[in-house]
Amino acid sequence: MSPNYEFVFQRALSLSGIERPRVLDYGCGRGEVVVYGRNAGYEFFGADLDAPASERPEHFRALRNGRLDFDEGFFDVVISNQVFEHVRDPELAVSEIARVLKPGGVFLALFPDSTSWFEGHVGLYFVHHMPELFAHLYMRAAHRLGFGYYREGKSSKEWADFMLWQLKTDVFYYSPGELRRWWRSAFGSPPVPAEADFMRFRIQSAGRRGLSLLARLPAAAEVLSFVCRKRAGIVWVTRKTDVPA
């Protein structure tokens, strides 16, 4: 699995505080984490706009008008990896996630917000903060220089047109203030930042021993968090309380 998938899988098992948590991957895509978790003997389920093809379809449910097809309080943990920048109604989404979480259950989410510098779908910095005309010129120049994702088989204009259309129709960057308000309202407690933990995990997974030792210093936490937020996005851990705070 990719380092991101490995991170959410391992934290899904550790954050709940119980030996065998029941886990939902919200926005599971092709279901890699669900299959990996179930093959390891754990109760993993997935939900997405379209349930992925699987030999065990009962492990996957399609979202219907933003609603999750699971009973209230069904899960100990919900994970979501790079999904919420594609969610049109995040307030509904987190309310549904809170509904299917048990009291004391944990939601782990990784995704870029409006303060991120890197646009991870295009593969360029700051393009999502530019007026459309400047973004188009910037992307065409980047394409000619060999920068950006998914350029193969497209001219610079075709690529810029296509990626800008994708950004306008399928990517939504919400402000940290909005997100915290929605999270707190749904779960009864504010999200706890976990970017430093994520960065340390990525560094360790890459086998960079010297850098890993430096990253474990308490003074490194703020730097790691800043780099994560600007390059990859926020990493939040939120626990559902019995009574909204």
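Structural data are supplied above this passage.
First things first, this report covers the structure right here in the doc. Computed from a predicted structure; not experimentally measured.

1. Remarks on the packing of aromatic side chains
Here's step 1: Overall, the coordinates contain 27 aromatic pairs when judged by the stated rule.
Here's step 2: Ring centres of Phe45 and Phe75 lie 5.8 Å apart, and the angle between their planes is 70°; this geometry places the pair in the edge-to-face category. Highlighted residues: Phe45 in strand S2 (residues 43-48) and Phe75 in strand S4 (residues 75-81), separated in sequence by 30 residues. Here the two residues Phe45 and Phe75 agree in accessibility, since each one is buried.

2. Concerning helix H3 (residues 90-100)
Working note: α-helix, 3.6 residues per turn, so residues spaced by three or four point in the same direction.
Here's step 1: Counting buried positions along H3 gives eight out of 11 residues, so the element sits mostly inside the fold.
Here's step 2: Those residues of H3 that fall on the buried side of the exposure criterion are Pro90, Leu92, Ala93, Val94, Glu96, Ile97, Ala98 and Val100.
Here's step 3: If you follow the buried residues of H3, they end up packed against strand S1 (22-26), S4, strand S5 (101-111) and helix H6 (176-187).

3. Observations concerning the nonpolar core
Here's step 1: Judged by nonpolar contacts, the single largest core of 29 residues is most densely connected at Phe84, Phe107 and Trp183.
Here's step 2: For this core, the secondary-structure elements that each account for two or more residues are S1, S2, S4, H3, S5, H6 and strand S9 (234-239).
Here's step 3: Considering every element that reaches this core, the biggest residue donor is H3, with five residues.
Here's step 4: Aside from chain neighbours lying at most four places away, what touches Phe107 is Val78, Ile79, Ser80, Phe84, Val94, Ile97, Leu101, Trp183, Phe187, Trp236, Val237 and Thr238.
Here's step 5: Formed by 28 residues, the second largest nonpolar core is a distinct cluster that contains Val8, Ala194, Ala215 and Val237.

4. Thoughts on helix H9 (residues 221-231)
Here's step 1: Turning to H9, its buried residues are Leu224, Ser225, Cys228 and Lys230.
Here's step 2: In the stretch just after H9, Gly233 is the one whose phi turns positive, near 125°.

5. A word on the pattern of salt bridges
Here's step 1: Considering all chains together, one arrives at nine salt bridges under this definition.
Here's step 2: With a closest N to O distance of 3.8 Å, Asp69 and Arg61 form a salt bridge.
Here's step 3: Asp161 is the partner of Lys157 in a salt bridge, and the nearest nitrogen-oxygen pair spans 2.7 Å. With Lys157 and Asp161 both in helix H5 (residues 156-170) and four residues apart, the pair spans about one turn of that helix.
Here's step 4: For Lys157, a relative accessible area of 42% gives the class partly exposed.
Here's step 5: We classify Asp161 as partly exposed; its relative accessible area is 33%.
Here's step 6: If you follow the salt bridges from partner to partner, you end up with Arg67, Glu96 and Arg99 in one network.

6. What about the packing of helix H7 (residues 195-205) against H9?
Helix-helix packing is characterised by the crossing angle of the two axes and by the distance between the axes.
Here's step 1: Across the interface, H7 lies against H9 with an axial gap of 8 Å and an inter-helix angle of 85°. The orientation of H7 with respect to H9, classified from their angle, is roughly perpendicular. Two secondary-structure elements touch here, H7 through Glu195, Ala196, Phe198, Met199, Arg200 and Ile203 and H9 through Ala221, Leu224, Ser225, Val227, Cys228 and Arg229.
Here's step 2: Grouping the amino acids of the contact of H7 with H9 by side-chain chemistry returns eight nonpolar, one polar and three charged.

7. Regarding the pairing of S2
Consecutive side chains along a regular strand alternate between the two faces of the sheet.
Here's step 1: With five of six residues buried, S2 lies mostly within the body of the structure.
Here's step 2: Note: S1 against S2, five bridges, orientation parallel. Paired with Asp25 across the bridge in S2 is Gly46.
Here's step 3: With respect to chirality, the unit in which S1 leads through helix H2 (residues 32-39) into the neighbouring parallel S2 is right-handed.
Here's step 4: Two strands pair when backbone bridges link them, and S2 and strand S3 (residues 60-62) are joined in this way by three bridges, in the parallel orientation.

Criteria and thresholds
- Residues numbered from 1 in each chain as written.
- Predicted model: local features only at pLDDT ≥ 70, side-chain atom pairs only at ≥ 80, totals over all residues.
- Heavy atoms only, no water.
- Phe/Tyr/Trp six-rings, centres within 6.5 Å; stacked < 30°, edge-to-face > 60°.
- Helix = DSSP H or I, 4+ residues; strand = E, 2+ residues; numbered from the N terminus.
- Buried < 20%, exposed > 50% of the residue type's maximum accessible area, 1.4 Å probe, protein only.
- Contact = heavy atoms within 4.5 Å.
- Core = buried A, V, L, I, M, F, W, Y, C linked by side-chain atoms within 4.5 Å.
- Salt bridge = Lys/Arg side-chain N within 4 Å of Asp/Glu carboxyl O.
- Axes fitted to C-alpha atoms, helices over the stretch in contact; angles between N-to-C directions.
- Parallel < 35°, antiparallel > 145°, perpendicular 65-115°, else oblique.
- Nonpolar A, V, L, I, M, F, W, Y, C, P; charged D, E, K, R; others polar.
- Pairing = 2+ DSSP bridges.
- Right-handed = clockwise from strand over helix to strand, strands pointing away.

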